[in-house]
Each structure stands twice: as C-alpha cells, then as structure tokens.
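Residue-level structural notes
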Amino acid sequence: MRVALVNGMCTKHDAISNAVVAEYSYLHEKFGSDGVKFYGYSLDYTGWNHKIVQSSAQIFGDDYFLSADLVIYHFGIFYELFNVVLLGNGKAKQLACYHNVTPKKLLGARHHAVIDKSMVQQCNLHFADHVYCDSPFNRDCLLDIGIPAAKLSVMGLPVELAGKQKLAPLDSGTLQLLFIGRIVPSKGVLELLAALRQCVSRGSINFALKIVGNLRFSDEAYIREVHEFLDMNTDLAKHVEFMGEVDDVTKLGILALADALVLPTHHEGFCVPIVEAMAAGCYVISYNNSNVSHVMGGLGTLINTGDVSALSDAISVLCAEWRRSAQAGREPVFENNLRSWSRPEFIANAHNWAEQFSPSRHKSRFLSLVERFGSPS
C-alpha cells in the first residue's frame, strides 16, 4: 500500500496537524517508510517521507503521488492544495477528513475573505469517495450542503489521554480553573473574565484561573484586550495567570491539578481540550453550541451561548461547593441538570467517556477505513 497524505501544513500544537501526525504514524508503522508520503506547504517534523510544495501542480508532478493506491486529505480551511481532490491521480480512491470551518461572523473582518473561499472549497468534498468527519455536528454540516449520507462517517480525533495524577488538595478551598484554547474572540476568553469579575463582585473569590493557549494561532489584538481587561480589574487579575503556550508535558501537569475547565467557546468542530480535561478528571463548563454537547457526553454544565451571567452563576456554584467541601472535610460534588457525582465518581465516568477518543481506538478505526478503500496495485 502507498498512501499520499495531503494537508496545508503540519505544525505543532494544532488540532488538525495532530490528526495528520497520528495518521502518518499509523501508516508508517503498518506499511513501512515507503507506505506514506506527506504533501504540504510546511512540516515541523523531521524524518518524514514528504514533499514541500507550493501548488497543486507540484503534487500532480510527483511520481509517488501518481503511483499512490490511496489519497487522504484534511480540510478545515481553504488551501489551494485541496483542489487536487478534483482529479486525484486517476486511479486511487480518495478519502477526506472534514474538520469544519469557523463561521466568519465569529472572526474579524480580515479573515472574512479566506472563510468565504473556504465555504466554496468545502464543496470539493463531493469529489472524495468517502469523508470521515470529526463529529456528528460536522457530518450534519455536510449533509446540509448535499453530500450523501452514504459517503459520510464519524471518527473523533485522537486525543492523548492522561489520567488524574492525584486529587488536588481541598484544605484551602480554592477552585482551580483552567482555560485551554486559542486566544481569539470565538473562544470567549473575555466573556470568561467578565463572568469571573461578576464572581468577585459577589464574593465568590476562592478560585484561581490559568489561561493556556497556542499564541501562534491566536489574535494579537485580542490578546492585548485580555491583558488590558486584567489591568483594569486588579481584584480579578490577582486570581488569574496568563500562561500562553506551554509544552505538552506542562499542559498535562496543569490538567492533572485543575478542578474544572471553563471554555465559553462559540464554535467547535470537535474540541480536543474538553476531551483532555475530562480524561484528567476536570469538570467542564461550556457554551451549548456546535459539537460541544456531544463531546461532553452529559458530563458537564452547558450554558446558553453568550450568557455571561449564567456562566458566572455556574462558576459561583462550584466555588461555593469547593468552600463547603473544604470546611466539611469531604469530597466535592459536581452537579448538572441531569445528575450529580462525587468527585471520585465523576473522575471515573469522565475518563471512561474520554477513552473512546484514545489514539489506540482511533488507530483501529482509521486503519479499517484505509483497508476498506485502499487497493494496492
């Protein structure tokens, strides 16, 4: 089997790139060094069989691509190389992984042109033999543009899972909150800070928040707004640590000691941070939109999108529970409108839910798809 793997780029700390890395490793392990070749504008990893290209024409002119038995594409935003799917190599089946496109209403005006191009280019997915979507939400988006259900399947992204290293101490009664994501308006960082400011004003101040995010793919102007907000709200700022980008080991350590992830995001095709948080035993509070409810599996609190007061109320409820449990010397209880869990019970349930996205399970599903559509010559 020879597989051509196409994406715009493959860079560290990027969800789509991480999926490409996983797939490359699976294919390399199963078919050997000549069994997979990556094509893209850039590659942050060494030791790969790859070709850096600047246009579709350069892919069409590559002998390995022309001899490939299967071609796999990833799509989440416009890149000219995705036009290769219109022709393929003339003989191989073509698979595409669909990651969804962020709506332009959630982005600044300077991004609108590329989003418009992305919405047009996603129609190229009609030319794939099969499209595997990150989530049921993404599949529904493709059904809406007329791609037949028979050509679609759902395969969640692979997520490196780390179990809770230990139960964080409760004697201080301080609730350890965490935000993980790009620092952009669609992730709601300023809404989170506004909600926490309301918590402070009502006396719910037994929390500490860490903000972790990939600065390379963040909005510089929005980051300045976040820092300006903290500068103007010093009573809040002393409870907030803006950590920015951290390596994977540090992130896992932060997750292991966090009590809750608060992610007021406005759009998610999948949402890796929620899975990472639940695997580490963190409760999740998020807005109810796109794929969020599915990826949470009923194991957190969903807030109407944009309702900052309700977001603040949900955080205050956790703050109060942490204070009571510390004073009573007992484990805290997580609760939503469906049920309640003691913290040890929640940690077990959340980790079990997250296990479905483990790399080992993803590998099995992905290779089954490859074997179904690949046909070595």
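Residues numbered from 1 in each chain as written. Predicted model: local features only at pLDDT ≥ 70, side-chain atom pairs only at ≥ 80, totals over all residues. Heavy atoms only, no water.

**As for the pattern of salt bridges**
Counted by the stated rule, this structure contains 18 salt bridges. The salt bridge partner of Glu371 is Lys30, with a shortest N-O separation of 3.3 Å. Note that Glu371 is positioned in helix H14 (residues 359-373) and Lys30 in helix H1 (residues 15-31), a separation of 341 residues in sequence. With a relative accessible area of 41%, Lys30 lands in the partly exposed category. Among the salt bridges present, the one from Arg216 reaches Asp44, with a minimum N-O distance of 3.3 Å. With Arg216 in the loop between strand S11 (207-212) and helix H7 (220-232) and Asp44 in the loop between strand S4 (42-43) and strand S5 (50-52), this pair connects stretches of sequence that are 172 residues apart. Of the residues examined, Arg216 reaches a relative accessible area of 52% and is grouped as exposed. Salt bridges linked by common partners bring Lys37, Lys51 and Asp62 together as one network. (Salt bridge = Lys/Arg side-chain N within 4 Å of Asp/Glu carboxyl O. Helix = DSSP H or I, 4+ residues; strand = E, 2+ residues; numbered from the N terminus. Buried < 20%, exposed > 50% of the residue type's maximum accessible area, 1.4 Å probe, protein only.)

**Structural notes on the side chain of Asn336**
Examined against the element boundaries, Asn336 turns out to sit in the loop between strand S16 (333-335) and strand S17 (340-342). Within the structure, the side chain of Asn336 is placed 2.9 Å from the backbone oxygen of Gly300, a separation counted as a polar contact. Of note is the side chain of Asn336, whose polar atom sits 2.8 Å from the backbone nitrogen of Leu338. When neighbours within four sequence positions are excluded, Asn336 is seen to be in contact with Tyr283, Gly298, Leu299, Gly300, Thr301 and Trp341. (Polar contact = N/O pair within 3.5 Å; in protein donor to acceptor, adjacent residues only side chain to side chain. Contact = heavy atoms within 4.5 Å.)

**Let's talk about the packing of helix H6 (residues 189-201) against H7**
Close contact between H6 and H7 brings their axes to 10 Å; oriented N to C, the two are set at 10 degrees. One element, H6, and the other, H7, form an angle in the roughly parallel class. On the side of H6, the interface is formed by Val189, Leu190, Leu193, Ala194 and Arg197, while H7 contributes Tyr222, Glu225, Val226, Phe229 and Leu230. For the contact of H6 with H7, the per-class residue count stands at eight nonpolar, no polar and two charged. (Axes fitted to C-alpha atoms, helices over the stretch in contact; angles between N-to-C directions. Parallel < 35°, antiparallel > 145°, perpendicular 65-115°, else oblique. Nonpolar A, V, L, I, M, F, W, Y, C, P; charged D, E, K, R; others polar.)

**Notes on the packing of aromatic side chains**
Both the distance between ring centres and the angle between the ring planes are used here to describe each pair of aromatic rings. Going through the model one piece at a time under the given rule, you end up with 18 aromatic pairs. Ring plane angle 20 degrees and centroid distance 5.8 Å describe the contact between Tyr45 and Trp48, whose orientation is recorded as stacked. Among the residues examined, Trp48 registers a relative accessible area of 13% and is labelled buried. A connected cluster of aromatic rings, assembled from ring pairs, spans Tyr73, Phe75, Tyr79, Phe82 and Tyr98. Its guanidinium or amino end placed over the ring of Tyr45, Lys12 lies 5.8 Å from that ring's centre, counting from NZ or CZ. Directly above the ring of Phe78 sits Lys117, whose terminal nitrogen or CZ lies 4.2 Å from the centroid. (Phe/Tyr/Trp six-rings, centres within 6.5 Å; stacked < 30°, edge-to-face > 60°. Lys NZ or Arg CZ within 6 Å of the ring centre and 35° of its normal.)

**Details of the environment of Ser67**
Following the sequence through the fold, Ser67 ends up in helix H3 (residues 63-67). Judged by its relative accessible area of 22%, Ser67 is partly exposed. Separated by 25 residues in the primary sequence, Ser67 and Ala92 place their C-alpha atoms 8.4 Å from one another. In contact with Ser67, not counting residues within four places along its chain, are Arg2, Asn89 and Lys91.

**Some words on unusual backbone geometry**
Positive phi is not limited to glycine here, since Asn100 has a value of about 80 degrees. In this structure, Asn100 sits in the loop between strand S7 (93-98) and helix H4 (112-121).

**As for the pairing of strand S10 (residues 175-180)**
Counting buried positions along S10 gives five out of six residues, so the element sits mostly inside the fold. In this structure, S10 lies alongside S11, joined through six bridges in parallel fashion. Looking at the pairing, Leu177 lines up with Leu209 of S11. A crossover links S10 with its parallel partner S11, the connecting element being H6, and its sense is right-handed. Direction of pairing for S10 relative to strand S13 (residues 260-263): parallel, over a ladder of two bridges. Paired with Leu177 across the strands is Ala260, a residue of S13. (Pairing = 2+ DSSP bridges. Right-handed = clockwise from strand over helix to strand, strands pointing away.)

In short, geometric facts, not functional conclusions.
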